[in-house]
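So the chains spell out like this:
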Amino acid sequence: MRALTWAGVNEVEVREVPDPHILNDGDVVLRVQRSAACGSDLHLLGGYIPFMERGDVLGHEFIGEVVEAGPAVRKHAVGDRVVVSSFIACGRCWYCDQKLFSLCDNGNTNPSITDALWGGTPGGCFGYSHALGGFAGSHAEYVRVPYADVGAFAVPEGVSTERALFASDAVATGWTGVDLAGTGPGDIVAVWGAGAVGQMAARAAILRGAERVIVIDRLDYRLVQAESVVGAEVLNYEKTSVEAELLERTGGRGPDICIEAVGMEADGPGGQTLYDRTKQQLRLQTDRPAAVRQAIHACRKGGTVFVLGVFAGVVDKFPLGALVNKGLTVQGAQMHGQRYIPEILERMARDEIVTEHLATHVLPLEQGQHGYDIFKAKADGNVRTVFAPNG
Ligand SMILES: NC(=O)c1ccc[n+]([C@@H]2O[C@H](COP(=O)([O-])OP(=O)(O)OC[C@H]3O[C@@H](n4cnc5c(N)ncnc54)[C@H](O)[C@@H]3O)[C@@H](O)[C@H]2O)c1
Ligand SMILES: [Zn+2]
Ligand SMILES: [Zn+2]
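This one's a predicted model, so the numbers in the text were calculated from it and none came from an experiment. Starting from 1, residues in each chain are numbered consecutively following that chain's sequence as written. The naming scheme follows written order: chains are lettered A onward, ligands numbered 1 onward. Where totals are concerned, whole chains, interfaces and linings use all residues; where local detail is concerned, this predicted model gives features only for residues with pLDDT of at least 70, and gives and counts side-chain atom pairs only at 80 or more. Neither water nor hydrogens contribute to the side-chain values; these are computed over all heavy atoms in the structure.

Peer 1: Where do I start with the packing of helix 6 (residues 170–180) against helix 13 (residues 337–349) in this structure?
Peer 2: Between two packed helices, what matters for the description is the angle formed by their axes and the separation of those axes. To get an axis, a line is fitted to the C-alpha atoms, and for a helix only the part in contact is used. The angle between two axes follows their N-to-C directions and goes from 0 to 180 degrees. Helix numbers and strand numbers start at the N terminus; a helix is a DSSP run of H or I with at least 4 residues, a strand a run of E with at least 2. Their axes nearest at 9 Å, the elements helix 6 and helix 13 cross at an angle of 110 degrees. Considering the angle they form, helix 6 stands roughly perpendicular to helix 13. Only Gly337, Arg339, Tyr340, Ile341, Glu343, Ile344, Arg347 and Met348 of helix 13 make contact with helix 6, whose side of the interface consists of Val171, Ala172, Trp175, Thr176, Asp179 and Leu180. When residues are grouped by polarity, Ala, Val, Leu, Ile, Met, Phe, Trp, Tyr, Cys and Pro land in nonpolar, Asp, Glu, Lys and Arg in charged, and all others, Gly among them, in polar. Looking at the contact of helix 6 with helix 13 residue by residue, the class counts come to eight nonpolar, two polar and four charged. What sets the label is the angle itself: under 35 degrees gives roughly parallel, over 145 gives roughly antiparallel, 65 to 115 gives roughly perpendicular, and the rest give oblique. Here, two residues are considered to be in contact whenever any of their heavy atoms come within 4.5 Å of each other.

Structure below.
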């Protein structure tokens, strides 16, 4: 079959790779209908997560049709349209029992790298390097889905494929941050990043009853979406002082909950970003945490900062003093798709969550390089490039 694969730093190529087959009784094989490029892929392609090998198939946000089901699969049959959680979880271990699916003890079949790096391994992830299990990704004609009864979900008939696709990763990620941060009625929530993840975090906060939700970015075309489709207030950090404006909009107190949906390649005003870039290039730190720093600084005393952006390793100039002296709670997580996708699909069916606008470019695999280039450069109004491997 044809697949879009990693070919070196910021390079992808279409290759012929072996067709996937059922390996374990609980697997299904999907014919991929749509597979999106996620901000996490940019970190991977950029070489910041250095455990890719040439020819590895990319892609972890996807939807498809079941073409083969293992003998132990109960919930899915050939012909079903299913959306799949990007993180792979067994559904049976202690972490899965706690509904912390992305921390599954069995999802990552190659835990040695992450055990050494982080002192423990998260679950596996499709198309996300040998550090997270070395699973083939979904930018391909077909993909094998392990633990299909746990991680794959039937899509209600009325929900469009372009909408359900994003339940796989971006929407579930937003939902994870908003839920685990304890967002509820009356809260003022600020979200850094107006990509698919930030927009969907904002939407989740609104649906959870937050009183005000403010999305921060520099890209006006994304902020327009956050305002008009998602229903959030917006703030352009190149045109306004973020911290002063957040104080102004919160009666001088600061947001109750600050959600960071930017990640390790953050830009930002001021000299700190240049400093971060230089240290990152010299491999003296792995990540550029400009938005995390700002979120911690802007958060009200006693508030919560939730880091949804992906970070790989160590940072410096981390504002530990603000954290301690302002009594903040700082959390982070990879998304627990298995926990939130059923509710997300129900809300999608009721038009409470709309995502079609995120799929700004729908392309064949053959245009993979162009698709990633415009996503990386945020060119041509791109929010998400979505591949249609089977037309
Ligand atoms: N935790 C998870 O499970 C999970 C899942 C999916 C994605 N992610 C991560 O979430 C992050 C966002 O993903 P995405 O797909 O929306 O990415 P994206 O690249 O489309 O969007 C990132 C946005 O952040 C903005 N930005 C950059 N610097 C900023 C700053 N200092 N302040 C405010 N905004 C800034 C950019 O302009 C861009 O619009 C990435 O780090 C990605 O890896 C995490
Ligand atoms: Zn992702
Ligand atoms: Zn598990």
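Still more ground to cover, so stick around.
Peer 1: Explain helix 6 to me, please; I cannot follow it from the model alone.
Peer 2: Helical periodicity: at 3.6 residues per turn, an α-helix aligns residues three or four positions apart in one direction. Only protein chains enter the accessibility calculation, which uses a 1.4 Å probe; a residue whose area is less than 20% of its type maximum is buried, one above 50% is exposed, and one in between is partly exposed. The element helix 6 is largely enclosed, with a buried count of nine among its 11 residues. Listing the buried residues of helix 6 in full gives Ala170, Val171, Ala172, Thr173, Gly174, Trp175, Thr176, Gly177 and Val178. In this structure, the buried side of helix 6 is in contact with strand 4 (61–69), helix 7 (196–207), strand 13 (257–260), strand 14 (304–307) and helix 13.

Peer 1: How should I be thinking about the coordination of the zinc ion (ligand 2) in this particular structure?
Peer 2: Reference values for angles at a metal are 109.5 degrees in the four-donor tetrahedral case and 90 or 180 degrees in the six-donor octahedral case. Each metal's donors are the N, O and S atoms found within 2.8 Å of it, except that Na, K and Ca use a 3.2 Å limit; water is left out, so coordination can look incomplete. Listed as protein donors to the zinc ion (ligand 2) are Cys38 (SG), His60 (NE2) and Asp169 (OD); their distances from the metal cover 2.0 to 2.3 Å. Between the donor residues of the zinc ion (ligand 2), the gaps in sequence give the motif C-x21-H-x108-D. Linking cysteine 38 in the loop between strand 3 (28–36) and helix 1 (39–45) with aspartate 169 in the loop between helix 5 (161–164) and helix 6, this pair joins segments that are 131 residues apart in sequence. Residue classification places aspartate 169 among the buried positions, given a relative accessible area of 6%.

Peer 1: Teacher, can you tell me more about the nonpolar core here?
Peer 2: A general tendency of soluble globular proteins is for nonpolar side chains to be buried together. For the purposes of this section, nonpolar cores are sets of buried Ala, Val, Leu, Ile, Met, Phe, Trp, Tyr and Cys residues that join through side-chain atoms within 4.5 Å. Judged by nonpolar contacts, the single largest core of 74 residues is most densely connected at Ile259, Ile344 and Tyr372. Here this core gets seven residues from one element, more than from any other, and that element is helix 7. Sequence-distant contacts of isoleucine 344, that is, excluding residues within four places in its chain, are made with Ala167, Val171, Ala172, Trp175 and Ile353. Listed in part, the 20 residues of the second largest apolar core include Leu246, Ala291, Ala295 and Val307.

Peer 1: Explain the environment of aspartate 105 here, please?
Peer 2: Within the element layout of this structure, aspartate 105 appears in the loop between helix 2 (94–97) and helix 3 (112–118). On the basis of relative accessibility, which here comes to 44%, the residue aspartate 105 falls in the partly exposed class. Between the C-alpha atom of aspartate 105 and that of glutamine 33, which follows or precedes it by 72 residues, the distance is 30 Å. Contacts of aspartate 105, omitting those with residues within four sequence positions, involve Cys93 and Tyr95.

Peer 1: Any chance you could explain a nonpolar patch on the surface here in plain terms?
Peer 2: Surface patches are defined over residues having more than 30% relative accessible area and no salt bridge, joining like charges when they lie within 9 Å and nonpolar side chains (Val, Leu, Ile, Met, Phe, Trp, Tyr) when within 5 Å. Each accessible area value is a Shrake-Rupley result obtained with a 1.4 Å probe; residue values ignore everything except the protein chains displayed when judging cover. Salt bridge, as used here, is a side-chain nitrogen of Lys or Arg placed within 4 Å of a carboxyl oxygen of Asp or Glu. Side chains of Val315, Phe318, Leu320 and Val324 sit close together on the surface and give an oily, nonpolar patch of about 340 Å² of accessible area. Tracing the backbone through its elements, the reader meets valine 315 in the loop between strand 14 and helix 12 (320–325). Residue valine 315 is classed as partly exposed on the basis of its relative accessible area, which comes to 30%.

Peer 1: Got a minute to help me understand the site of ligand 1 in this structure?
Peer 2: Not every one of the 30 residues close to ligand 1 is listed here, only the nearest: Ser40, Asp217, Asp267, Lys378 and Arg384. Each polar contact in these results corresponds to two N or O atoms within 3.5 Å; when the atoms are within protein, one needs to be able to donate a hydrogen and the other to accept it, and residues that are neighboring in sequence are counted only if both atoms are side-chain atoms. Measuring from an oxygen atom of ligand 1, one finds a side-chain N or O atom of histidine 43 at 2.8 Å. One nitrogen or oxygen atom from the main chain of aspartate 267 is found 2.5 Å from a nitrogen atom belonging to ligand 1. Mapped onto the shell around ligand 1, the elements with two or more residues apiece are helix 1, helix 7 and strand 11 (212–217). It is helix 1 that contributes the most residues to the shell around ligand 1, three residues altogether. Looking at the shell around ligand 1 residue by residue, the classes come out as 15 nonpolar, nine polar and six charged. When at least one non-hydrogen atom of a residue lies within 4 Å of a molecule or strand, that residue is treated as near it.

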